[in-house]
Amino acid sequence: MLEVFNNLFMSIAEQMGVTLQNTAYSVNIKERLDFSCAVFDRHGALVANAPHMPVHLGSMDRSVETIIRLNSGDIHPGDVFALNAPYNGGTHLPDITVVTPVFSLPLEGRVAAQRPGGVLSEGTTRASSTAATTPSGGSAATSPSRGEEVIFYVASRGHHADIGGTAPGSMTPLATTVDEEGVLFDNFRVVDRGKFREAELQTLLTDHPYPARNPHQNIADLKAQIAANEKGVAELRKMVGHFGLDVVEAYMGHVQDNAAESVRRVLERLPDSSEYEYPTDTGQVIKVKITVDRQKREATVDFTGTSKVEKNNFNAPEPVARAAVLYAFRVMVEDMIPMNAGCLRPINIIIPEGSMLKPAYPAAVVAGNVETSQHVTNALFGAMGAMANAQGTMNNLTFGNKQYQYYETICSGSPAGRMNSGRGFAGTSGVHTHMTNSRLTDPEVLELRFPVMLEDFHIREGSGGKGKWSAGDGTRRTIRFLEKMECAILSSHRNRPPQGLDGGSDGEVGSTKVRRQDGSVETLKACDQTVLDAGDAVILTTPTPGGFGKA
């Protein structure tokens, strides 16, 4: 039954994702699939997720926990909350998390659900279906006075193509404070007892020194996230109706217990102590030391020695580093289990106050979520001796003007490494790795929705790090602009290559260049911003991952 419930919980998150993809408006969510959906228990602990974006999934529980804490005693059927505040449960501003509480059925519904066979009566089924027509069952069919309580939470996080800030796409490399990066959603009640607060939402998006450039798109995508959550609410209620609340909650616990035990078995294979130092293009360093306590069957992941907060936007809120730790240990399990809170139960995480992995307001953070998360992940796998460095960047390319805003991340290859058994493996060319899991917009859709032309996108054969097991190859992408736009790049590994492991060779550095209409070529810095005229093109060459083992 554990495997059945593993898949049931994951299936609910996957159905939420399909709903979000089908109803979203922006290219970023609908085509690039830059979103994540997950199911949480009544305390906000992650139970199961769909295989979406690891950097989202490992940090969303902090958003849910924040909503629970800030609204204690004031959560009602029909309420939906939105949050992106990096210092209050969020990660960076473009990622808006929508949280919906799942209330128990009215008292008579729960009685019906406990009848032999655990199947609702016909009348109760109709009532619960009606309740699902408004967020979290906010209809006349539900009332807290009839014995309802919050039993679960569902959440969806989507990367909005623009949330304001000083540059289109809300990913400016020039920001030094979070206020320059866009609009802050700090525990915003987007739906109040079934009423969508569109006027208040519009005000929030536009009443800002650097307002959202396309609030209509933000609102449409938020409605899609609410719809995705409602799918999760409906499916969880079906599950409770079939199995009973006690059984569902028990297996939520069993699923987490199983994940914790799976990670404990991984710890048995790790050395007593291991460490890794990861220098970055900004001059900052991420240090991690993993110490295993074999008696307690626990590990401590200590980031002491990591660089302090700097006046750049590579600072990563605590949930980001925590998400990287969760992802890395989940990968090490090498078994089909949901990534959930149980994976972190045997792991103690130490992040020093004031370090770049635990900044305080108003430090800028937009690159922390997309770049520093990749650095932390590389450092963790390096410390465990499991994988060479991946490209260590998402190559975040944004462009836009008042009418258009677009964001994409550009894949390289995957690194080589070894399984827990010691068997080596080669990398794969042209795939997203680690904390990102989006796809690139289809060329036809990209050129239809934006005034650009995709001139070239190809795999650079032979560019991955060599070794007994060689890494996957990187890519090169050239986009020509058909009208004037601002363009920004947030990236890493422009001045040092991703490293190989156990004698494997390093990969290659990446570059971002601008080809002007007159034929001249400019090389941009790793984090840079420029203006492109009609006829100009941006050429992005990705860094490539490292190889594993001596050839």
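Going by the structure above, here's the rest.
Every value quoted in this text rests on a predicted model; they were computed, and no experiment measured them. (Residues numbered from 1 in each chain as written. Predicted model: local features only at pLDDT ≥ 70, side-chain atom pairs only at ≥ 80, totals over all residues. Heavy atoms only, no water.)

Would you mind showing me how to read empty space enclosed by the protein here?
Remark: the empty space left among the atoms is shown by a probe the size of a water molecule rolled over them. Following the criterion strictly, the structure yields two cavities of 30 Å³ or more and no others. If you add up the space inside the largest cavity, you get close to 60 Å³. Around the largest cavity, the lining comprises 15 residues; the ones closest to its centre are Asp34, Met53, His56, Val370 and Tyr407. Looking at the lining of the largest cavity, the elements with two or more residues in it are helix H3 (54–57) and helix H11 (366–383). Looking at the lining of the largest cavity residue by residue, the classes come out as five nonpolar, seven polar and three charged. (1 Å grid on protein atoms, 1.4 Å probe; cavity = no way out; pocket = protein on both sides within 12 Å on 5 of 7 lines; lining within 4 Å. Points joined across faces, edges and corners; volume = space filled by probe spheres on them. Helix = DSSP H or I, 4+ residues; strand = E, 2+ residues; numbered from the N terminus. Nonpolar A, V, L, I, M, F, W, Y, C, P; charged D, E, K, R; others polar.)

I would appreciate a short explanation of the sheet that holds strand E20 (residues 521–523) in the present structure.
By way of backbone hydrogen bonds, the strands of a sheet pair with one another, either parallel or antiparallel. Strand order in the open sheet made by the five strands is E16-E17-E22-E19-E20, with antiparallel pairing throughout. On the outer flanks of this sheet lie strand E16 (452–459) and E20, each paired with one strand and no other. Strand-to-strand twist across the sheet, computed as the mean angle between neighbouring axes with direction ignored, equals 15°. As paired elements, strand E19 (residues 511–515) and strand E22 (residues 537–541) share five bridges and run antiparallel to each other. Bridging from a neighbouring strand, Arg515 pairs with Ala537 of E22. (Pairing = 2+ DSSP bridges. Axes fitted to C-alpha atoms, helices over the stretch in contact; angles between N-to-C directions.)

What is the right way to read the pattern of salt bridges from this model?
When their charged atoms lie close together, side chains carrying opposite charge are able to pair. Applying the stated criterion across every chain yields a total of 28 salt bridges. For Lys223, the salt bridge is made with Glu198, and the minimal N-O distance between the two is 3.7 Å. With Lys223 in helix H8 (residues 215–243) and Glu198 in helix H7 (residues 198–206), the pair connects residues that are 25 residues apart, well separated along the chain. The exposure class assigned to Lys223 is partly exposed, which follows from its relative accessible area of 40%. Taking relative accessible area as the criterion, Glu198 reaches 36% and is therefore assigned partly exposed. Between Arg265 and Glu261 there is a salt bridge; the shortest N-O distance is 3.8 Å. Of this pair, Arg265 and Glu261 both sit in helix H9 (residues 245–267), four residues apart, which is roughly one turn of the helix. (Salt bridge = Lys/Arg side-chain N within 4 Å of Asp/Glu carboxyl O. Buried < 20%, exposed > 50% of the residue type's maximum accessible area, 1.4 Å probe, protein only.)

Sorry, what's going on with the nonpolar core here?
Looking at soluble globular proteins, one finds that nonpolar side chains tend to be buried together. Judged by nonpolar contacts, the single largest core of 67 residues is most densely connected at Val288, Val301, Phe303, Phe329, Ile347, Leu380 and Met384. Among the elements that take part in this core, helix H10 (residues 318–333) stands out by supplying eleven residues, more than any other. Those residues in contact with Phe329, other than ones at most four positions away along the chain, are Val263, Leu267, Leu270, Val301, Ile347 and Met384. Listed in part, the 28 residues of the second largest apolar core include Ile12, Met16, Phe152 and Val154. (Core = buried A, V, L, I, M, F, W, Y, C linked by side-chain atoms within 4.5 Å. Contact = heavy atoms within 4.5 Å.)

That's the geometry; what it means functionally is another story.
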